[in-house]
Amino acid sequence: MAMKLASPKKVASITEKVWQRVYGNYGSSSGSSGQYHHHQRRCSYESEDEYEEDDGTIQLMQMGAERTKNVLILMSDTGGGHRASAEAIRDAFRIEFGDEYRIIVKDVWKEYTGWPLSNMEKSYKFMVKHVQLWKVAFHSTSPRWIHSCYLAAIAAYYAKEVEAGLMEYKPDIIISVHPLMQHIPLWVLKWQGLQKKVIFVTVITDLNTCHPTWFHPGVNRCYCPSKEVAKRALDDGLEESQIKVFGLPIRPSFARAVLCKDDLRKELEMDPDLPAVLLMGGGEGMGPVKKTAKALGESLYDKDQEKPIGQLIIICGRNKSLASTLESEEWKVPVKVRGFETQMEKWMGACDCIITKAGPGTIAEALIRGLPIVLNDYIPGQEKGNVPYVVDNGAGVFTRSPKETARIVAEWFSTKADELKRMSENALKLAQPEAVFDIVKDIHELACQRGPLANIPYVLTSSFTSLIE
């Protein structure tokens, strides 16, 4: 059955609407202010006239019919954690719901806008290499009035591009896993009259310290990885009904892996009996990896008995120069040097403790494997709070000194084995391996609770909502 509706009338462009809301009725003197009435909406994302038919009407076909729902996950490669969380959510949707949902992971800023949004990845990498720059940027943009003005100005300039980027995929659900992907997309949905149709949720990927841009009162749900983050969300104006504490989303292949340490050590050609420490340099092999490795090479060798008390696994990531240097070293203890690894669940499962910087994803994975953690560095701002999250919960320690790190691990493998065991138990208590599945199941529940308006095709949203209001 088909029915006809009049096509939506041409209204002010979305960019004009942004400037109107940010900078006032700049067009009122010419008598045009009436066109900015907030109930006027348009359904086009390329041009106002895109959906004009020859007879001035639009065809409605199979309204409310069951169909595959589109889920758009917004991320940016500013650090590896955002993409990892996005892909974990994607995989969990596929496992739980099969083809009921179509999942699209996109960096809309990079693909559809210009500077500075399209350049965030390079800018972030530069600033974290010069940590004081990042520290200033993080804290100076924390006040709401500053980041609100900044984001509103960007929205005004790139509104059409962002709108096109979002609407190309006609999402039923939008999931943000990045702090700068709440405000502008939510404004676009508001101006398009799509708030009742599109579910918008935020999945926070910082364990403790969060930038305030993570929190927006317009979201349907804000998924927090810890109680500390949930408290920050409440303090920033979100309602309790909007907040869920499930944990950090970790890819299902890691979270649900059933592993046997003895089998893994045989597969990975490790010593079957010696305790093992995993030294992480991240995807880029950054940090004091070389100094720490050399210190461990000394501390894990018992000079009196002339034999090793532990073995060392070093993950160098994409840093081929570091890997080559370490491979050329002469070691007194068993050492394996690896490059970029895609099966970290196996290496973590085969080891007894881990040394890493305070990245939230690595911490969450280590907790799932029950690994005591030696944190040796953190990025100022979002990672600083991860240190007390681990230390105060008895799951690890913090030191920037390679020699101190080596001493701690050597004691864990000898005189302080009880402490290592206790920290392992605490890590498992803190772990939340089902977090990603809890998140997607809750999003599915939100989708099931939506009314008939959620099934209206995008091309019809503007005209239909104007008829029923």
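Residues numbered from 1 in each chain as written. Predicted model: local features only at pLDDT ≥ 70, side-chain atom pairs only at ≥ 80, totals over all residues. Heavy atoms only, no water.

S.K.: Quick question: what am I supposed to make of helix α11 (residues 289-299) here?
M.R.: In an α-helix, one turn spans 3.6 residues; hence positions three or four apart end up facing the same way. Buried within α11 are the following residues: V289, T292, A293, A295, L296 and G297. For α11, the secondary structure elements touched by its buried residues are β9 (276-280), β10 (301-302), β12 (311-315), α12 (320-327), β14 (353-356) and α16 (402-412). (Buried < 20%, exposed > 50% of the residue type's maximum accessible area, 1.4 Å probe, protein only. Helix = DSSP H or I, 4+ residues; strand = E, 2+ residues; numbered from the N terminus. Contact = heavy atoms within 4.5 Å.)

S.K.: Sorry if this is basic, but what is going on with unusual backbone geometry here?
M.R.: Where the residue is not glycine, phi is negative for most of them; where a peptide bond is considered, it is trans in most cases. Although it is not a glycine, E269 sits at a positive phi angle of roughly 60°. By the element assignment, E269 lies in the loop between α10 (261-267) and β9. Take E269: its relative accessible area is 63%, and that puts it in the exposed class. Positive phi, close to 55°, is recorded for E306, a residue that is not glycine. For E306, the position within the fold is in the loop between β10 and β11 (307-308). Using a relative accessible area of 60% as the deciding quantity, one classes E306 as exposed.

S.K.: Before we go on, may I ask you to explain the pattern of salt bridges in this structure?
M.R.: Where charged atoms of side chains with opposite charge meet at close range, the side chains can pair. Enumeration over the complete set of coordinates arrives at 20 salt bridges. Taking the shortest distance from any N to any O, the salt bridge between R400 and D377 comes out at 3.3 Å. With a gap of 23 residues between them, R400 in the loop between β16 (396-398) and α16 and D377 in the loop between β15 (373-375) and α15 (386-391) connect regions that are remote in the sequence. Within the structure, one salt-bridge network assembled from shared partners comprises E404, R407, E411 and K416. (Salt bridge = Lys/Arg side-chain N within 4 Å of Asp/Glu carboxyl O.)

S.K.: Hey, could you run me through the packing of α11 against α16 in this one?
M.R.: How two helices sit against one another is set out by the angle between their axes and by the gap between those axes. For the pair α11 and α16, the least separation of the axes is 8 Å and the interaxial angle reads 40°. Between α11 and α16, the interaxial angle falls into the category oblique. Handedness of the crossing formed by α11 with α16: right-handed. In contact with K291, T292, A295, L296 and S299 of α11, α16 contributes P402, K403, T405, A406, V409 and A410. Residues of the contact of α11 with α16, tallied by class, amount to 6 nonpolar, 3 polar and 2 charged. (Axes fitted to C-alpha atoms, helices over the stretch in contact; angles between N-to-C directions. Parallel < 35°, antiparallel > 145°, perpendicular 65-115°, else oblique. Left-handed = near helix turned anticlockwise from the far one by under 90°. Nonpolar A, V, L, I, M, F, W, Y, C, P; charged D, E, K, R; others polar.)

S.K.: Could you clarify how one ought to interpret helix α4 (residues 120-129) in this entry?
M.R.: Residues M120, E121 and Y124 constitute the buried set of α4. All buried residues of α4 fall inside an arc of 95° around its axis, so they share one side. Looking at α4, the residues exposed on the side facing more than 90 degrees away from the buried face are K122 and K129. Along its buried surface, α4 packs onto α3 (108-112) and α5 (131-140). (Arc of directions from axis to C-beta.)

S.K.: Where do I start with the sheet that holds strand β5 (residues 173-176) in this structure?
M.R.: Adjacent strands of a sheet form backbone hydrogen bonds with each other and so pair up, either parallel or antiparallel. Reading across the sheet, the 6 strands line up as β4-β3-β5-β6-β7-β8 and stay open at both edges, with parallel pairing between neighbours. Of all the strands in the sheet, the pair left with one neighbour each is β4 (101-106) and β8 (243-245). Neighbouring strand axes in the sheet, compared pairwise and without regard to direction, differ in orientation by 20° on average. Both strand β3 (residues 69-74) and β5 contribute to a ladder of 4 bridges, which runs parallel. Each residue of the ladder has a partner; that of V71, found in β5, is I173. (Pairing = 2+ DSSP bridges.)

S.K.: What is the right way to look at the pairing of strand β6 (residues 199-203) in this model?
M.R.: For a regular strand, side-chain orientation follows a simple rule: the groups alternate between the two sheet faces. Taking burial as the measure, the 5 residues of β6 include 5 buried ones, the bulk of the element. Residues I199, V201 and V203 line one face of β6 and the alternating positions F200 and T202 line the opposite face, and both faces are buried. Across 4 bridges, the pairing between β5 and β6 is parallel. Residue pairing in the sheet places I173 in a bridge with I199 of β6. Following the chain from β5 across helix α7 (residues 183-191) to the adjacent parallel β6, one finds a crossover that is right-handed. Pairing geometry for β6 and strand β7 (residues 221-224), over 3 bridges, is parallel. Note that in β7 the partner of V203 across the bridge is Y223. (Right-handed = clockwise from strand over helix to strand, strands pointing away.)

S.K.: Quick question: what am I supposed to make of the side chain of H216 here?
M.R.: Here H216 lies in the loop between β6 and β7. Using a relative accessible area of 13% as the deciding quantity, one classes H216 as buried. Residues in contact with H216, not counting those within four places in the same chain, are Q182, H183, L186, W187 and L238.

S.K.: Looking at this structure, I do not really get the packing of aromatic side chains. What am I missing?
M.R.: Centre distance and the angle of the planes are the two values used to describe a pair of aromatic rings. Under the definition given, this model contains 6 aromatic pairs. The positively charged end of R256 is found above the aromatic ring belonging to F437, 3.5 Å away from the centroid. Directly above the ring of F254 sits R369, whose terminal nitrogen or CZ lies 4.6 Å from the centroid. (Phe/Tyr/Trp six-rings, centres within 6.5 Å; stacked < 30°, edge-to-face > 60°. Lys NZ or Arg CZ within 6 Å of the ring centre and 35° of its normal.)

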